[in-house]
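Architecture and fold: a report
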Amino acid sequence: MLGSAAGFTHEAQRDGRLGHRKLTEGVASQRRWPSAFTREAVGAWQAGSMCGRYANARSKAQIVADFSVAEKYVELKDLPDYNVTPQKRAPIVLSAAPPEDAAADPVRQVKLALWGLRPGFLKPEQRGFANARIEGLAEKRSFAKPLREGRILVPMSGFYEWWKETDDSGKQINQPYYFTPKDGGVLALAGLMQWAKDPRDPDKKIPTYTIITTEATDDIGKIHQRMPVIVRPENWGSWLDPSMKDMDTAQALLATPPSGTLSIVKVATTVNSAKNNGPQLIEPIEQLA
């Protein structure tokens, strides 16, 4: 996975924040799965790295329909974002009392939140947690309270992962792959939210979030040893229910979907730069699954 480790806390690094190690043997680009795509090879290169880039091109009308949210409770950016990175603001889905009546029953809402969960112990200059490993989630001080009180869904069109390959000139490149639902629907990832001081304006509180990750399914594991947790639609209501405080019950809702659920395509290295954006980033170079 691409990304800089600058500003990461030691705990963030242990919990699997962004970063990667160089694979000792390059993998040549091929028209089918390269033979070196094995869990062992992926693990040797990627120890600890996780989901750190995704695309969200869902329109307001799609979000309203996807999650059965009243339009007045949907907060979105003006333009779709095909290159969402940590420290950007992106939409999340939550269930909470409506803004106009704090005593009312919870309603489903979509809010813009900062990607990078910020527990209270973080200093303003430190980056929040982009990812949270599902293993031992309830025991980690950064995530136990949000697991009880701040469960969210992170809507997206698809996510990116990287594999180090050798191009036709013999140069090693970080080759991106894009994962998106085969049925063209929305991906709803399991996330955790916490209100925190805005690192740019300490007098203001903003929602911040992290994406939960798990061991990859067999097909995704050919590219990356970890994957974000996808919440099935039939579990959305229970996962978002703020009255459900039992963490074992919450984690039981996070079953990994079967292999073959996602389309996997190789895309241009243009997405490697966080400065680039637009639908061209997800245009397939070749289809792998």
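Residues numbered from 1 in each chain as written. Predicted model: local features only at pLDDT ≥ 70, side-chain atom pairs only at ≥ 80, totals over all residues. Heavy atoms only, no water.

With that settled, the discussion passes to the overall build of the protein. Tallying secondary structure elements over the protein gives six helices and 14 strands in all. Here the contacts in the protein between residues at least 6 apart in sequence split such that 69% fall between residues at least 24 apart. When the accessible area of the protein is evaluated, it comes to approximately 12900 Å², of which 49% is carbon and sulfur surface. (Helix = DSSP H or I, 4+ residues; strand = E, 2+ residues; numbered from the N terminus. Contact = heavy atoms within 4.5 Å. Areas by Shrake-Rupley, 256 points an atom, 1.4 Å probe, with all protein chains shown as cover.)

Mapped onto the elements, P233 comes out in the loop between β12 (226-228) and α5 (236-240). Residues P233 and L187 lie 46 residues apart in sequence; the distance between their C-alpha atoms is 9.5 Å.

Overall, the prediction assigns the protein a mean pLDDT of 83, with 83% of residues at 70 or greater. Of all the helices and strands in the protein, strand β1 (residues 27-28) carries the lowest mean pLDDT, 28, while strand β7 (residues 151-156) carries the highest, 98. (pLDDT = per-residue confidence, 0-100.)

We now examine the packing of aromatic side chains. Going through the model one piece at a time under the given rule, you end up with seven aromatic pairs. Both rings, one in Y54 and one in W115, keep their centres 5.1 Å apart while their planes meet at 55°; by these two values the pair is tilted. Of this pair, Y54 sits in strand β2 (residues 54-56) while W115 sits in strand β5 (residues 107-115), and the two are 61 residues apart along the sequence. Of the aromatic side chains, those joined through ring pairs into one cluster are Y54, W115 and Y209. Over the face of the ring belonging to W239 we find R151, whose NZ or CZ atom lies 5.7 Å from the ring centre. (Phe/Tyr/Trp six-rings, centres within 6.5 Å; stacked < 30°, edge-to-face > 60°. Lys NZ or Arg CZ within 6 Å of the ring centre and 35° of its normal.)

Attention now goes to the pairing of β5. The side chains of a regular strand alternate, first on one face of the sheet and then on the other. The pairing of strand β4 (residues 89-96) with β5 spans eight bridges and is antiparallel. Note that in β5 the partner of V93 across the bridge is V110. Relative to strand β11 (residues 201-215), β5 runs parallel, the two sharing two bridges. By the bridge assignment for β11, L114 is matched with T208. (Pairing = 2+ DSSP bridges.)

I63, D66 and F67 are the residues of helix α3 (residues 60-67) that are buried. When α3 is viewed along its axis, its buried side chains cluster within an angular range of 70° and face the same direction. Residues of α3 that are exposed and point more than 90 degrees away from the buried face comprise A61 and A65. Looking at the buried positions of α3, the neighbouring elements they touch are β4, β5, β7, β10 (187-198) and α5. (Buried < 20%, exposed > 50% of the residue type's maximum accessible area, 1.4 Å probe, protein only. Arc of directions from axis to C-beta.)

Turning next to the environment of M156. Topologically, M156 is positioned in strand β7. Take M156: its relative accessible area is 0%, and that puts it in the buried class. Put simply, M156 and Y54 are 102 residues apart on the chain and 7.1 Å apart in space, counted from C-alpha to C-alpha. M156 has contacts with Y54, A55, N56, V186, L187, L189 and I211, leaving out every residue within four places of it along the chain.

Our focus in this paragraph is the nonpolar core. The biggest cluster of nonpolar side chains holds 31 residues, and the ones touching the most others in it are F67, L147, L153, I212, W239 and L254. Contacts of L153, omitting those with residues within four sequence positions, involve F67, I92, V93, A188, L189, V231, W236, W239 and L240. Ranked by size, the runner-up nonpolar core spans 29 residues in total, among them A130, F179, A216 and I220. (Core = buried A, V, L, I, M, F, W, Y, C linked by side-chain atoms within 4.5 Å.)

On to unusual backbone geometry, then. In this model, S68 sits at a positive phi of 55°, which is unusual for a non-glycine residue. Mapped onto the secondary structure, S68 falls in the loop between α3 and β3 (81-84). The phi angle at Q87 is positive, at roughly 85°, despite the residue not being glycine. The exposure class of Q87 is partly exposed, given its relative accessible area of 22%.

A full pass over the atoms with the stated rule returns eight salt bridges. Of the charged contacts in the structure, one is a salt bridge between E135 and R226, with a shortest N-O distance of 2.9 Å. Of the two residues, E135 sits in the loop between β6 (131-133) and α4 (144-149) while R226 sits in strand β12, which places them 91 residues apart along the sequence. We note a salt bridge from E165 to K266, for which the minimum N-O separation is 3.4 Å. With E165 in strand β8 (residues 158-166) and K266 in strand β13 (residues 262-267), this pair connects stretches of sequence that are 101 residues apart. There is no split in this pair, since E165 and K266 are both buried. Salt bridges here are not isolated pairs; linked through shared partners, they connect K77, D81 and K88. (Salt bridge = Lys/Arg side-chain N within 4 Å of Asp/Glu carboxyl O.)

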